[in-house]
Amino acid sequence: MSHFDVVIVGAGLSGIGAARHLQHHCPGKTYAILESRAAIGGTWDLYRYPGIRSDSDMHTLGYNFKPWRAAKAIADGPSIRDYVVETADENGIHPHIRFNRRLEAAAWSSDTARWTLDVSCTDGGEEAETISCNLMLMCSGYYSYEEPYRPKFEGEEDFEGLMFHPQLWPEDLDYAGKRVVVIGSGATAMTLVPAMADAVEHITMLQRSPTYVVSRPDRDVIANTLRKFLPEMLAYRITRFKNVEMQRRVYERTRTAPAKVKKFLLDQVRKALGPDYDVEKHFTPRYNPWDQRLCLIPNGDLYAALKSGKASVVTDHIDRITKKGIRLQSGDELDADIIITATGLNMKVLGGVQFRVDGEPVQFPDTFTYKGMMYSDVPNLVQTFGYINASWTLRADLTAEYTCRLLNRMDELGVRQCTPRLRDEDRGMRTRPWIDGFSAGYMQRVMHLFPKQGDREPWLNTQNFSADKKMIRHAPLEDGVMQFDNPRP
């Protein structure tokens, strides 16, 4: 049975970044990366639909150690995948990746201070294997790669065209000259519509309710100018700081003055689409900004598609799918050759892996989150989960740095185990959901499966980069909660 000091699960943006941090801060540690697919890149290799791109700027979605060099800050999927692959190449990470390997179950033993991992082979080429490690770093993302969220629509078996979820995009799809309906109002739908509009006969975004949108240029003029005059890393850090502060201030403004932010966003839509467009019906949500994610549309591309006449937005409920398209509850019908169900994701807790500690199954809803990355009474297990209101990698970097500090501190103390445990004064604290105040359906469907959040540090999942830097990067490791024990023999 192979043994490693650390096993990283997932070779996407977070996993490759974690491996680089580990090599840099803990150069003596052995590690392996388990990747269930046959390629690096995670989300950015999985999704292949037209126009796939980032929904935040790459100066904050990129790593803190590797500048984003491209002129476009809102980048397409292939460019992001190339960035991740380049990071792996530059740091010699490839030999550590075990492709087509899915972690199915993990069992911790305090006697040996090891996780024993049951690993399956996803390409049918080899038998399952068992490996062990001292610490696990879960970088497998937050949603199911195998099964997207796909509600059942009455009558869909009657549809004579093609109907599919964009996560399962057909490689050979020809949509030129076709009538297309995209069901959904999130980032995927708003990416697909302008990306496909020029080629199709017509494309309709069918939504039950609107989403807030904001248009920004896909190029950061300040970043591109700074790179011409400053050393690359200095220019990157300045841009990164600028964008982090902008994200923070916008989000805080939505909390303190939601009505003003709402008016500003809707005024921008009216300015782009003109006085005759029904912004109230199609672009005015029932909730406040950032109660769900804002949708970024680079260079106003969605507006351009709508004004061209090749695209439209319909706000209505589906009555049923018919042979030729969709009948709406209003009685209207949408003709379609292709229906794309951009209906969201199925979230998974820790990749759906079954965990046991000293023979007992871990019930994650009964645990408390520690700094948004570990679980009460679960030893040597760290999870990477980014922000919903800022770029994912901001927190992924913090998580990887903290993991390296834990490993080095255990070596200094001569111990093999680190476990966050509730103090006596913590046991009666008020609890909150793991993600609080975010009403998106894909979150609400599964919040009962996630750990709880407390009302004090370090039992918080802050969703606040500034607060997390203090709590994760700068706070002492020995805080009365993190217990270091299990001395080496």
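1. Some remarks on the overall build of the protein chain
Argument step 1. What the protein chain contains, in helices and strands, is 13 helices and 23 strands.
Argument step 2. The C-alpha atoms of the protein chain give a radius of gyration of 24 Å, which matches the 23 Å a tight globule of 489 residues would have.
Argument step 3. Considering only C-alpha atoms, the protein chain reaches an extent of 75 × 50 × 50 Å along its principal axes.
Argument step 4. For the protein chain, contacts bridging at least 24 residues in sequence account for 72% of all contacts bridging at least 6.
Argument step 5. Looking at the protein chain, you have 62 positive and 64 negative side-chain charges, and the mean spots of the two groups are 6 Å apart.

2. Let's talk about the sheet that holds strand S15 (residues 333-335)
Argument step 1. What the 3 strands build is an open sheet, ordered S13-S14-S15; its pairing is antiparallel. On the outer flanks of this sheet lie strand S13 (318-321) and S15, each paired with one strand and no other. The sheet shows a mean angle of 20° between the axes of neighbouring strands, taken without regard to direction.
Argument step 2. Where S13 lies against strand S14 (residues 325-328), 3 bridges are found, and the strand directions are antiparallel.

3. Some remarks on the sheet that holds strand S16 (residues 338-341)
Remark on secondary structure: sheet strands pair via backbone hydrogen bonds, oriented parallel or antiparallel.
Argument step 1. Taking strand neighbours across the sheet as the criterion, the 5 strands line up as S7-S16-S8-S9-S12 in an open arrangement whose pairing is parallel. Taken across any chain shown, the strands that pair with only one partner, and hence form the sheet edges, are strand S7 (162-164) and strand S12 (311-315). In this sheet, adjacent strand axes meet at a mean angle of 15° when their direction is disregarded.
Argument step 2. Summarising the sheet, strand S9 (residues 202-207) and S12 pair through 5 bridges and their orientation is parallel. Following the sheet pairing, Met-205 is matched in S12 by Val-313.
Argument step 3. Strand contacts of helix H5 (residues 187-197): strand S8 (179-183), S9, S12 and S16, with the helix running at about 170° to S9, the strand carrying the most contacts.

4. So, the environment of Ser-110
Argument step 1. Relative to the assigned elements, Ser-110 resides in the loop between strand S4 (101-109) and strand S5 (114-121).
Argument step 2. On the accessibility criterion, Ser-110 (25% relative accessible area) is partly exposed.
Argument step 3. Side chain to side chain, Ser-110 and Trp-108 meet in a polar contact 3.3 Å long.

5. Quick notes on the side chain of Thr-284
Argument step 1. Tracing the sequence through the fold places Thr-284 in the loop between helix H9 (279-282) and strand S11 (295-298).
Argument step 2. Overall, Thr-284 belongs to the buried group, its relative accessible area being 10%.
Argument step 3. A polar contact of 2.9 Å, which involves the side chain of Thr-284, links it to the backbone oxygen of Val-279.
Argument step 4. Of the polar contacts made by the side chain of Thr-284, one reaches the backbone oxygen of Glu-280; its length is 3.5 Å.

6. Concerning the nonpolar core
Argument step 1. Core analysis: the largest hydrophobic core is formed by 136 residues, its most contacted members being Ile-16, Trp-115, Leu-117, Met-136, Phe-355 and Leu-381.
Argument step 2. With 10 residues, helix H11 (residues 392-413) is the largest single contributor of residues to this core.
Argument step 3. For Leu-381, the contacting residues outside a window of four places in its chain are Trp-115, Met-136, Met-138, Leu-350, Phe-355, Phe-364, Met-373, Met-374 and Tyr-375.

Conventions and cut-offs
Residues numbered from 1 in each chain as written. Predicted model: local features only at pLDDT ≥ 70, side-chain atom pairs only at ≥ 80, totals over all residues. Heavy atoms only, no water. Helix = DSSP H or I, 4+ residues; strand = E, 2+ residues; numbered from the N terminus. Rg over C-alpha atoms; globule rule 2.2 N^0.38 Å. Contact = heavy atoms within 4.5 Å. Lys, Arg positive; Asp, Glu negative; His and termini not counted. Charge placed at Lys NZ, Arg CZ, Asp CG, Glu CD. Pairing = 2+ DSSP bridges. Axes fitted to C-alpha atoms, helices over the stretch in contact; angles between N-to-C directions. Buried < 20%, exposed > 50% of the residue type's maximum accessible area, 1.4 Å probe, protein only. Polar contact = N/O pair within 3.5 Å; in protein donor to acceptor, adjacent residues only side chain to side chain. Core = buried A, V, L, I, M, F, W, Y, C linked by side-chain atoms within 4.5 Å.

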